[in-house]
Amino acid sequence: MALTITPEKRQAAEEQIKALRKEIDYDTRDYAIDFLVQQYRENEFYIPDEYQRQYIWEDANKNRFIESILLGLPIPFMFFSDTDDGRCEIIDGAQRTQTLEEFMSNELVLSNLKKLTDLNGFTYADLPEYFKRKFNKTTMRIIVLSDETTIEIRQEIFNRINTTGIRANPSEIRRGSYAGPFMDFLKECTKNPIFIKVCPVSETSKKRYDDLELVLRFFAFLNNYKNFTHRVDEFLDKYVEDTQAGFDKDSFKNEFDNMLAFVDRYFENGFRKTKTSKSTPRVRFEAIAVGVGLALRENPSLVPKSMDWLDGDEFKTHTTTHASNSPARVSGRVEYVRNMLLAGEDDASNN
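Right, let's walk through the structure included here.

The number of helices and strands found in the chain is 16 helices and seven strands. Each of the 351 residues in the chain was classed as buried or not, and the buried ones make up 42%. When contacts within the chain are restricted to residue pairs at least 6 apart in sequence, those whose partners lie at least 24 apart make up 75%. Split by element, the accessible area of the chain, about 19,900 Å² in all, is 49% carbon and sulfur.

Shown next as structure tokens:
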């Protein structure tokens, strides 16, 4: 039943909005990194215990953040609040502030940088003097709440900053970071009618480019699964970087189309677990798609003797989610499908 909005209710809502907006007063300030770090060291900018997280960033996050600054990339706003004693409380930006302090104390050794690879192994002290000065004078933009802002409002801001946004997933980031012919080709593949038929992906997942991720996984694991170590996102990023320089589009398309045609013909449910499934599990997709691709490389005219193994316990074990990120299990599941398809194979040319 719809709520009736009376003039009184509308007036009460207006007064509530005005009252709460008055509680939030702020200005914007730009602080150079060396000033920001110095103030943090002197406890003029401090991290409150009441609601802040501990220093939890892993080295990968720290290195990516420092590399972004060195590259001159824009850094998201941080939120501080003036306090009654004249200091500034860090509401959002604690991880970044602590990383800057750690780096400028020469306690963070740069590693696994994706772009500035020549800086791997450097500390802050090792930077060329020109870039050290550039780093020091780089400004961080800070939203600073007035000292009249209540602790409840500060906590509410911290909570909303850390819970209302949906972080970009690796596929979304990769799509934006590696634009080019190969990424365009992958997008074309997601529009293949057979792919759409045998590989259901929800509209919500498509908006986050999960279908693009599946296509990329097919090519990356088909061509390089033996070099997979542990981190899928890093493995896929590296594959895209290596392939952007040049790839045989016709050859790639042919293998993708042949794999899909084979799955459509011999896998009753396509990549689904059941006929009525509305989604495609990544591990199951990898096992079948790459396994089929490997088998067709050995015998392009392959006609499998039996598909009964699809309902067996061994295939289920290979395609459960806990098996997703182990190199041995990646190899195990794609080679299992390949081997089962090739076992007792028929060659169409002999029929």
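You will see that N106, though not glycine, has its phi angle at about 65°, which is positive. With respect to the element layout, N106 can be found in the loop between α4 (94-104) and α5 (129-137). For Y209, which is not a glycine, the phi torsion comes out positive at approximately 65°.

Put simply, the second largest pocket is a space of about 310 Å³. Residue composition of the lining of the second largest pocket, by class: five nonpolar, four polar and six charged.

A general tendency of soluble globular proteins is for nonpolar side chains to be buried together. Residues F219, F267, F271 and L341 are the most contacted members of the largest nonpolar core, which totals 56 residues. Among residues more than four places away in sequence, those in contact with F267 are F262, I288, V292, M307, W309, L310 and L341. Listed in part, the 27 residues of the second largest apolar core include Y31, L113, L119 and L127.

For the rest of this paragraph, the subject is the environment of Y40. Residue placement: Y40 occurs in helix α2 (residues 33-41). Each C-alpha atom, one on Y40 and one on L100, is 10.0 Å from the other, the two residues being 60 residues apart in sequence. The residues touching Y40, leaving out its near neighbours within four places in the chain, are F45, I47, I90, T97, Q98 and E101.

This paragraph deals with the pairing of strand β4 (residues 88-92). Most of β4 is tucked away, with five of its five residues classed as buried. Bridge analysis of strand β3 (residues 78-82) against β4 gives four bridges, and the strand direction is antiparallel. Bridge assignment links F79 to a residue of β4, and that residue is D92. Linkage of β3 to β4, two consecutive antiparallel strands, is achieved through a turn of five residues, within which G86 is found at a positive phi near 90°.

On to the environment of V303, then. Mapping V303 onto the fold places it in strand β6 (residues 302-303). Given the relative accessible area of 17%, V303 is considered buried. V303 sits 37 residues away from Y266 along the chain, and the two C-alpha atoms are 8.7 Å apart.

Enumeration over the complete set of coordinates arrives at 26 salt bridges. Across the pair D82 and R29 runs a salt bridge, and its minimum N-O distance is 2.8 Å. Taken together, the residues D82 in strand β3 and R29 in strand β1 (residues 26-32) connect sequence positions 53 residues apart. By relative accessible area, D82 is classed as buried at 18%. Notably, a salt bridge pairs D264 with K197, separated by 3.0 Å at the nearest N-O pair. Of this pair, D264 sits in helix α13 (residues 249-266) while K197 sits in helix α9 (residues 193-198), placing them 67 residues apart in sequence. Taking the relative accessible area as the measure of exposure, K197 reaches 48% and is therefore partly exposed. Several salt bridges share partner residues, and in doing so they unite D210, E213, R217, R282, E286 and R333 into one network.

Rules used throughout
- Residues numbered from 1 in each chain as written.
- Predicted model: local features only at pLDDT ≥ 70, side-chain atom pairs only at ≥ 80, totals over all residues.
- Heavy atoms only, no water.
- Helix = DSSP H or I, 4+ residues; strand = E, 2+ residues; numbered from the N terminus.
- Buried < 20%, exposed > 50% of the residue type's maximum accessible area, 1.4 Å probe, protein only.
- Contact = heavy atoms within 4.5 Å.
- Areas by Shrake-Rupley, 256 points an atom, 1.4 Å probe, with all protein chains shown as cover.
- 1 Å grid on protein atoms, 1.4 Å probe; cavity = no way out; pocket = protein on both sides within 12 Å on 5 of 7 lines; lining within 4 Å.
- Points joined across faces, edges and corners; volume = space filled by probe spheres on them.
- Nonpolar A, V, L, I, M, F, W, Y, C, P; charged D, E, K, R; others polar.
- Core = buried A, V, L, I, M, F, W, Y, C linked by side-chain atoms within 4.5 Å.
- Pairing = 2+ DSSP bridges.
- Salt bridge = Lys/Arg side-chain N within 4 Å of Asp/Glu carboxyl O.

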